[in-house]
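Letter by letter, the chains look like this.
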Amino acid sequence: MNKSCSTCNLTFEKEVGFFYGAMYVSYGLTSGFFIIAYVLDALFFQVKVQYLIAFLVLSFVVLMPITYRLARLIWMNIFYAHDPNCKNRLMEETILAESQMTHQENPKESKKFD
Ligand SMILES: [Zn+2]
């Protein structure tokens with residue numbers, strides 16, 4: 001995963017160990033998937049328990065890279081409100097800062113004359 005936004009340099013890991021909390025999100029996602037798979041099996045398929053467990057373990061291992069990233073994304077979005085148009089926002093902030101600098105310079109120059 002990227003450590004920061006490539007456009008506005010927003011650092012995603014706020015502090016050391018920030019993403020430990022994503023483990024809880026990952027636990028919730030995995031538990032939800034297991035419950036849904038169990039309910040679907042009980043309602044429609046009714047396979048043997050051994051096969052269901054084998055399917056769940058296999059799907060857990062296969063889906064782990066996706067779950068890992070998804071949990072981090074969800075955890076991060078609880079704390080950040082990252083603007084998808086941060087490139088445009090960054091340009092607007094730069095323009096605003098430049099205009100403020102020119103406004104600040106003008107009163108100083110007028111004081112020099114006083
Ligand atoms: Zn950004």
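Residues numbered from 1 in each chain as written. Predicted model: local features only at pLDDT ≥ 70, side-chain atom pairs only at ≥ 80, totals over all residues.

### Considering the overall build of the chain
- Each helix and strand counted, the chain has 3 helices and 0 strands in total.
- For the chain, the α and β elements follow one another from N to C terminus as α-α-α.
- For 114 residues, the compact-globule estimate of 2.2 N^0.38 gives 13 Å, and the C-alpha radius of gyration of the chain, at 25 Å, exceeds that figure by more than 25%.
- Across the 114 residues of the chain, 3% fall into the buried class. (Helix = DSSP H or I, 4+ residues; strand = E, 2+ residues; numbered from the N terminus. Rg over C-alpha atoms; globule rule 2.2 N^0.38 Å. Buried ≥ 20, exposed ≤ 12 C-beta atoms within 10 Å, placed from the backbone.)

### Describing the environment of Leu29
- Mapping Leu29 onto the fold places it in helix α1 (residues 22–45).
- Residue classification places Leu29 among the partly exposed positions, given that 18 C-beta atoms sit within 10 Å.
- For the pair Leu29 and Tyr68, spaced 39 residues apart in the sequence, the C-alpha separation amounts to 9.8 Å.
- Setting aside residues no more than four positions away along its own chain, Leu29 makes contact with Thr67, Leu70 and Ala71. (Contact = placed C-beta atoms within 7 Å.)

### Structural notes on α1
- For α1, spanning 24 residues, the distance from its first C-alpha to its last is 33 Å, which sits close to the expected 34 Å at 1.5 Å a residue.
- In terms of residue burial, α1 counts as a barely covered element, since only 1 of its 24 residues are buried.
- Following α1 by one or two positions, Gln46 has its phi on the positive side, about 50°. (Expected span 1.5 Å × (residues − 1).)

### Here we look at the confidence of the model for the chain
- For the chain, the average pLDDT comes to 86, and 90% of its residues sit at 70 or higher.
- Here helix α3 (residues 86–113) stands out as the element of the chain with the lowest mean pLDDT, 70, in contrast to α1, whose mean of 96 is the highest. (pLDDT = per-residue confidence, 0-100.)

### So, the packing of α1 against helix α2 (residues 49–79)
- It is at 8 Å that the axes of α1 and α2 come closest, and there the two elements cross at 145°. Where α1 crosses over α2, the two elements pack in a sense that is right-handed. Each of Ala22, Val25, Ser26, Leu29, Thr30, Phe34, Ala37 and Asp41 in α1 lies in contact with α2, whose residues at this interface are Leu52, Leu56, Phe60, Thr67, Tyr68, Leu70, Ala71, Arg72, Ile74 and Trp75.
- Considered class by class, the residues forming the contact of α1 with α2 number 13 nonpolar, 3 polar and 2 charged. (Axes fitted to C-alpha atoms, helices over the stretch in contact; angles between N-to-C directions. Left-handed = near helix turned anticlockwise from the far one by under 90°. Nonpolar A, V, L, I, M, F, W, Y, C, P; charged D, E, K, R; others polar.)

### Looking at unusual backbone geometry
- Even without glycine at this site, Asn9 takes up a positive phi of about 60°.
- As for its placement among the helices and strands, Asn9 is situated in the segment before α1.
- One non-glycine residue, Gln46, adopts positive backbone phi at about 50°.
- One can find Gln46 in the loop between α1 and α2.
- The exposure class assigned to Gln46 is exposed, which follows from the 8 C-beta atoms found within 10 Å.

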